[in-house]
Amino acid sequence: MSEHHDEITPQDIIYILENPWEKLKWEWKLDNESERQETLQFIKERLKLTQQDGYSKIWKTPDDEPLAIVGGYKVGDKKYATFFISSKHMETYGMQISFNMRKIAKELALQFKGCSISQYAEADDTDRISWYRFLGYKHKPEGDIGNKLYFEYASPD
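Quick summary incoming for the structure in this document. (Residues numbered from 1 in each chain as written. Predicted model: local features only at pLDDT ≥ 70, side-chain atom pairs only at ≥ 80, totals over all residues. Heavy atoms only, no water.)

Some details on the overall build of the chain
From N to C terminus, the chain includes five helices and six strands. Beginning at the N terminus, the succession of helices and strands in the chain can be written as α-α-α-β-β-β-α-β-α-β-β. Taken over the C-alpha trace, the chain has a radius of gyration of 15 Å; the compact-globule value for 157 residues is 15 Å, and the two agree within 12%. Per-residue burial for the chain yields a buried fraction of 46% across its 157 residues. Accessible area for the chain stands at about 8800 Å²; split by element, carbon and sulfur atoms hold 50% of it. Taking the average place of the 22 positive charges on the side chains of the chain and the average place of its 27 negative ones, the gap between the two points comes to 5 Å. (Helix = DSSP H or I, 4+ residues; strand = E, 2+ residues; numbered from the N terminus. Rg over C-alpha atoms; globule rule 2.2 N^0.38 Å. Buried < 20%, exposed > 50% of the residue type's maximum accessible area, 1.4 Å probe, protein only. Areas by Shrake-Rupley, 256 points an atom, 1.4 Å probe, with all protein chains shown as cover. Lys, Arg positive; Asp, Glu negative; His and termini not counted. Charge placed at Lys NZ, Arg CZ, Asp CG, Glu CD.)

Some details on the layout of surface pockets
Of the volumes computed, that of the largest pocket is approximately 390 Å³. Grouping the constituent residues of the lining of the largest pocket by class yields 11 nonpolar, three polar and five charged. The volume enclosed by the second largest pocket comes to roughly 300 Å³. Forming the walls of the second largest pocket are 14 residues, and the residues nearest its centre are Trp21, Lys23, Ser98, Asp127 and Trp131. Looking at the lining of the second largest pocket, the elements with two or more residues in it are helix 2 (22-25), helix 4 (90-111) and helix 5 (126-135). (1 Å grid on protein atoms, 1.4 Å probe; cavity = no way out; pocket = protein on both sides within 12 Å on 5 of 7 lines; lining within 4 Å. Points joined across faces, edges and corners; volume = space filled by probe spheres on them. Nonpolar A, V, L, I, M, F, W, Y, C, P; charged D, E, K, R; others polar.)

Purely spatial values, then, with no claim about function.
See below:
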């Protein structure tokens, strides 16, 4: 499974948390140092989970600054959850990252046959909803929780 894991350091995560993409800033607790440390621990824990039976990827700018991190980890039989954090550089590289993420999802779907990946989006975040659809996720209303819409990417059996 190691071919699906990039080396991601705490410094990479800290850079993103200190320079977040405005469109995702509301999703993560980043208002003060204490909240950033909590979020750092949360992401590090999720990255550990990706090592067991999942995947992780980091993108960097040409200047080697962290751009975005995505990870998927097993939460049940043939079921994965994912997380995504990105830095201010998404304003410049967002389209490139989006196409790359869609390609990765298709490649992983071939290996993880019959599996699904889940993600939530705020109901009023139309940009995020459109983005998930572009990546190949489908809205599954039965999984909605309050104002959070449940999206799922399912690989073919």
